[in-house]
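# Secondary and tertiary structure notes
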Amino acid sequence: MGDERSFSSILALIGQRMHSAGQSISQFLDDGKHKNSIPVLDGVRGIACLSIITFHMNLIARFNGIWTPALDGPGAFASAASLFGEAGVILFFVLSGFLLFLPYCRAMLTDTPWPSVRRFYLRRAFRIFPGYYVALFLMLIFLSPEYLNWSHLHAVWLFITFRMDFPLTFQLVNAPFWTLALEFQYYLVLPWLALAIACLVRRGKQRGRLIKLAGCLLLLFVYGVGTRYWMIVLGGEGPLSQIFSPFWLEQLKLYSYGSVGKDYEVFASGMLVAGIYSYTHIIAPIGRLSHLIRRLSPFLFLLGLTLLYMISLWHFYLLFPGKTLHFLDPYKESLYYYKDIFQPLLYGISFALCIQGLLYGATWLKRPFEWGPLRWTGLISYSLYIWHYSICLLFIGYCLPRFQPLNWGQPALFTVDWLWILITAFPLSIVLYKVVEIPGMRLGEKICKRFERPKKYAPGTEEPLPAEVAARGHQSIAVDNKA
């Protein structure tokens, strides 16, 4: 009996120590802003980052002989899941579409003051610039010094101006950089895109506004998929080639498509979730739509996961053509043909379903995503995402040759690879988060406050906003501007 009590007291002590350690880490990483975020989405952001790291590590390990995926039999289905993480980029885009469009949705649906464009740009700039420019500067000096020659000046200018998705700079210096270009370009467009949507949406009854908002976002889906079809299937030729000169047609290709598309259909997936979330939390928190989504939330989450796994099989089959998942062979031509056109859209819809399910899900569904270490990973995910790929390559280039003479097997080398990431990338990201990112965000906030002018009235009226609407708008929606 005494032993049982002793064991119970030990477990309780361990639990207390873990809780206090968690609070200490949380306080250390605290920037004073994530308290107003949506906790479950911090965990989702952490998963997005970890999935990308896992994908890159697995792919690099496979090409360097320290991991061999199963390409046949039941193991192929597990291998498909292990190389699925490339879609984590899409998850980041969906989260950005959701979080950054929320304030605009609230303004459209409730006639609350329109978000400040100046504030939006300042916060976005001071969120993304410091971490990126520090990484770019260090990588050019230590990892790609050839770019410091005059012959590479134009390419460096493209990096500086966030055009890393252009063919000249695509996946160079640091492979993940091109996704930051898409994020930045979305930031530039979003306030004006939202304003154009608002011109159509901010009239009539609020239920009708949601329908009109969905219709506008459907057009954005069509634009995203349409530009992919134009570039991939038509090769950029067609009616537009008769209108524009070759030079202007090439510029149009670069700024409307880049190297792999601008993913507007993916951002639109998150924006649509933002519209539904805004309506059900501000306009009709106890309405039919809100009740229905809450009841279906586990099903929506499961449906999203199922679609994600099916698309991951498609993705895996095309990574190793003719070597795996032979039941897909009859559809080989179609799978190749539609991959680049529809895969991003399907990924975006799948992630949107998962996020929709989590936002309205019960505590048991949210709890795994609100786990402390996962949320902490979400907080440092920006620096972790920027640096992990180069750190993976450093292991292959400098550490792996020193382990190979030991004749260790693949499991041991793969374990060492993961330990390398844990003891290098994570501490480095924490330091950069504290030293670079947080000061940058705080400076941005200080500059924003200098320009702030409190708005007390709805646009075009002389009356204060209804207290009930204002209260709902501020209490029900928590916007995390660290997407």
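Note: the structure precedes this text.
Residues numbered from 1 in each chain as written. Predicted model: local features only at pLDDT ≥ 70, side-chain atom pairs only at ≥ 80, totals over all residues. Heavy atoms only, no water.

### Quick notes on the layout of surface pockets
- What the second largest pocket holds in volume is close to 710 Å³.
- The wall of the second largest pocket is formed by 30 residues, among which Glu-86, Gln-171, Trp-178, Val-260 and Lys-339 lie closest to the centre.
- Mapped onto the lining of the second largest pocket, the elements with two or more residues apiece are helix H2 (39–63), helix H4 (88–110), helix H7 (177–201), helix H8 (206–232), helix H13 (332–360) and helix H16 (381–403).
- Ranked by residue count, the leading element in the lining of the second largest pocket is H2, at six residues.
- Taken together, the residues of the lining of the second largest pocket sort by class into 19 nonpolar, six polar and five charged. (1 Å grid on protein atoms, 1.4 Å probe; cavity = no way out; pocket = protein on both sides within 12 Å on 5 of 7 lines; lining within 4 Å. Points joined across faces, edges and corners; volume = space filled by probe spheres on them. Helix = DSSP H or I, 4+ residues; strand = E, 2+ residues; numbered from the N terminus. Nonpolar A, V, L, I, M, F, W, Y, C, P; charged D, E, K, R; others polar.)

### Focus on the pattern of salt bridges
- Inspection of every chain in the model, using the stated rule, returns 12 salt bridges.
- When the shortest N-O distance is used, the salt bridge between Glu-445 and Arg-119 registers 3.3 Å. You can see Glu-445 sitting in helix H17 (residues 410–451) and its partner Arg-119 sitting in helix H5 (residues 117–142), a full 326 residues away along the chain. (Salt bridge = Lys/Arg side-chain N within 4 Å of Asp/Glu carboxyl O.)

### Things to note about H4
- With 23 residues, H4 extends 33 Å from end C-alpha to end C-alpha; this agrees with the ideal 33 Å at 1.5 Å per step.
- Remark: the principal bend of H4, roughly 45°, maps to Leu-102, with a proline, Pro-103, within the next four residues.
- Within H4, 23 of the 23 residues are buried, which leaves the element mostly enclosed by the surrounding structure.
- Taken from the residues just after H4, Asp-111 is the one with a positive phi, measuring 60°. (Expected span 1.5 Å × (residues − 1). Bend = angle between axes of the 7 residues up to and from the residue. Buried < 20%, exposed > 50% of the residue type's maximum accessible area, 1.4 Å probe, protein only.)

### Quick word on the nonpolar core
- In terms of nonpolar packing, the biggest core is built from 132 residues, with Leu-41, Phe-98, Phe-101, Met-108, Phe-177 and Leu-359 touching the most fellow members.
- Of the residues forming this core, the biggest block, 16 residues, is contributed by H4.
- Among all residues touching Phe-177, those that are not within four sequence positions of it are Tyr-132, Ala-135, Leu-136, Met-139, Phe-159, Met-164 and Ile-386.
- Listed in part, the six residues of the second largest apolar core include Leu-109, Ile-282, Ile-283 and Ala-284. (Core = buried A, V, L, I, M, F, W, Y, C linked by side-chain atoms within 4.5 Å. Contact = heavy atoms within 4.5 Å.)

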